[in-house]
Amino acid sequence: MKQIKLTVKTKTQKYPIIIGHNLHKNLGNIIKKNSIKFKKCFLIVDKKVPGKFIFNIKKSLKQKEVYMYSFHASEKNKNFNNINKILEIILSKNFSREDCIISIGGGITGDTSSLIANLYKRGLKLINLPTTLLAQVDSSIGGKTGVNSKYGKNLIGSFYQPNLVVADTIFLKTLPKREIICGYGEIFKHSLIDSKSFFNFLNKNYKKIFNLSSPYIEKAIYESCKIKRSVVEKDEKEKGLRKILNFGHTFAHAYEASQKYSKKLNHGEAVVLGIKTALNFSLENSLLKKNEYKLIVNHINNAELPSSLNEFLKIKDLKKILSFMVRDKKNNSSKISLVLLRKIGSPVFNREYTKNKIKVFLKNYLAN
Ligand code: GLY
């Protein structure tokens, strides 16, 4: 079983990301090999993860005292009430700080489990087993935890790094194409903010990645993790540089929130729409050159990624979208802070714009 290992070193934690096929069957050994010691573990499992995987995971953890919570993962359930409910269950089992939470699911399960791990007795061990492409290339690494509030997405949260991340590509085979496209949106984002050669690789091989062909899918995951690692290691707490990982997300979070996290527009789709919006804004504000813009947009179209904002949102949504953008975490003033693109591999952050400027732009953009 070939494994790829990357180590993330931040000020608060040093931990491995292991990428490979069918790793979950060996989880117990991977934990042991990486010297993560605990007696009890609490699995927080997305209900959508097929039971055969959970059976294998429990079997591989037979030396441990294992408890499990089945989480109905959705943006609506990613809230503080559920955090409290799960914390109470773990408290009732008297877990200590030396014990471990194992998150098994996509980004919603991961963000929720990580916040629980951070809050429980001020922190216990955390292992992420991301089961979606989006979680494997983005949310399972870097230590962001969070839940939603009626005021917006991920507005309650912290930074809490895991002790181990295991990205098992076997889970991806159970996902619908829509879910793969969502994860691809974050892979694509990483290429745009960091690497023209990775962008060229994606441009050439996106079909093989969508089909989960080896070694293309592994390379896409590995390169994404490498890009994210290098940013997180430099700026764990998002004081500056890490903001570039939010390229497209200020628009995306507002789009999702304005639709009340409806299943009609999921996070990954909103991210691609947000990226396209940020590209148009960059072009209109003379940051991005027309030929570079065309190259990127051709890729979006060829790969059939979500592209037309007005297929998902209407002018009547504009007021709500702007009110969510104003509350974005990256803003330090009444203005809206955006991450934009100068060229592939060259993002710009901390650009501030008035609500009115963005309103005029979005109104036009939605009308076309
Ligand atoms: N997904 C953006 C970040 O982790 O900073």
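Please refer to the structure higher up on the page.
Criteria and cut-off values
Residues numbered from 1 in each chain as written. Predicted model: local features only at pLDDT ≥ 70, side-chain atom pairs only at ≥ 80, totals over all residues. Heavy atoms only, no water. 1 Å grid on protein atoms, 1.4 Å probe; cavity = no way out; pocket = protein on both sides within 12 Å on 5 of 7 lines; lining within 4 Å. Points joined across faces, edges and corners; volume = space filled by probe spheres on them. Helix = DSSP H or I, 4+ residues; strand = E, 2+ residues; numbered from the N terminus. Nonpolar A, V, L, I, M, F, W, Y, C, P; charged D, E, K, R; others polar. Near = heavy atom within 4 Å. Polar contact = N/O pair within 3.5 Å; in protein donor to acceptor, adjacent residues only side chain to side chain. Areas by Shrake-Rupley, 256 points an atom, 1.4 Å probe, with all protein chains shown as cover. Pairing = 2+ DSSP bridges. Axes fitted to C-alpha atoms, helices over the stretch in contact; angles between N-to-C directions. Contact = heavy atoms within 4.5 Å. Buried < 20%, exposed > 50% of the residue type's maximum accessible area, 1.4 Å probe, protein only. Patch = residues over 30% accessible without salt bridge, like charges linked within 9 Å, V, L, I, M, F, W, Y side chains within 5 Å. Salt bridge = Lys/Arg side-chain N within 4 Å of Asp/Glu carboxyl O. Lys, Arg positive; Asp, Glu negative; His and termini not counted. Charge placed at Lys NZ, Arg CZ, Asp CG, Glu CD. Phe/Tyr/Trp six-rings, centres within 6.5 Å; stacked < 30°, edge-to-face > 60°.

1. Remarks on the layout of surface pockets
And step 1. Of the pockets and cavities examined, the second largest pocket occupies roughly 340 Å³.
And step 2. Lining of the second largest pocket is provided by 17 residues; of these, Gly 28, Asn 29, Lys 32, Ser 60 and Gln 63 occupy positions nearest its centre.
And step 3. Where the lining of the second largest pocket is concerned, the elements lending two or more residues are α1 (27-33) and α2 (51-60).
And step 4. Of the residues in the lining of the second largest pocket, the class split is 4 nonpolar, 7 polar and 6 charged.

2. So, the site of the ligand
And step 1. In the vicinity of the ligand, the contacting residues are Asp 138, Lys 144, Lys 228, Glu 238, Arg 242 and Leu 245.
And step 2. Separating an oxygen atom of the ligand from a side-chain N or O atom of Lys 228 is a distance of 2.6 Å.
And step 3. Here an oxygen atom of the ligand sits 2.8 Å away from a polar atom, N or O, in the side chain of Arg 242.
And step 4. For the ligand, whose free accessible area comes to 200 Å², the fraction covered by protein is 91%.
And step 5. Among the residues making up the shell around the ligand, the classes are represented as 1 nonpolar, no polar and 5 charged.

3. Here's the deal with the sheet that holds strand β5 (residues 100-105)
And step 1. The strand order across the open sheet formed by 7 strands is β1-β2-β9-β6-β5-β3-β4, and the pairing between neighbours is mixed. The sheet is open, and its two borders are formed by β1 (3-9) and β4 (65-71), each paired with just one other strand. Here the strands of the sheet are splayed against their neighbours by 15° on average, with no regard to which way each runs.
And step 2. Note that strand β2 (residues 14-20) and strand β9 (residues 164-168) share 4 bridges and pair parallel. Its bridge partner lying in β9, Gly 20 is registered against Asp 168.
And step 3. In the packing of helix α8 (residues 216-234) onto the sheet, the strands contacted are β1 and β2, and the crossing angle to β1 comes to about 10°.

4. Let's talk about the pairing of strand β10 (residues 336-343)
And step 1. A large share of β10 lies buried, amounting to 6 of its 8 residues.
And step 2. As paired strands, β10 and strand β11 (residues 346-353) are joined by 6 bridges and run antiparallel to one another. If you follow Leu 341 over to β11, its bridge partner there is Pro 347.
And step 3. The loop that links β10 with its antiparallel partner β11 comprises 2 residues; one of these, Gly 345, has a positive phi angle of about 90°.

5. Brief notes about a positive patch on the surface
And step 1. There is a patch of like positive charges on the surface, built from Lys 5, Lys 9, Lys 14 and Lys 33.
And step 2. Assignment of secondary structure puts Lys 33 in helix α1.

6. Digging into the packing of aromatic side chains
And step 1. Under the definition given, this model contains 11 aromatic pairs.
And step 2. Measuring from centroid to centroid gives 4.9 Å for Tyr 184 and Phe 210, while their planes differ by 80°, and the two rings are edge-to-face. One end of the pair, Tyr 184, is in helix α6 (residues 177-194); the other, Phe 210, is in helix α7 (residues 196-210), and 26 residues separate them in sequence. As far as burial versus exposure is concerned, Tyr 184 and Phe 210 are alike and both buried.
And step 3. With centroids separated by 6.4 Å and ring planes inclined at 20°, the aromatic side chains of Phe 201 and Tyr 216 adopt a geometry described as stacked. Residue Phe 201 is found in helix α7, and its partner Tyr 216 is found in helix α8; the two are separated by 15 residues along the sequence.
And step 4. We classify Tyr 216 as partly exposed; its relative accessible area is 25%.

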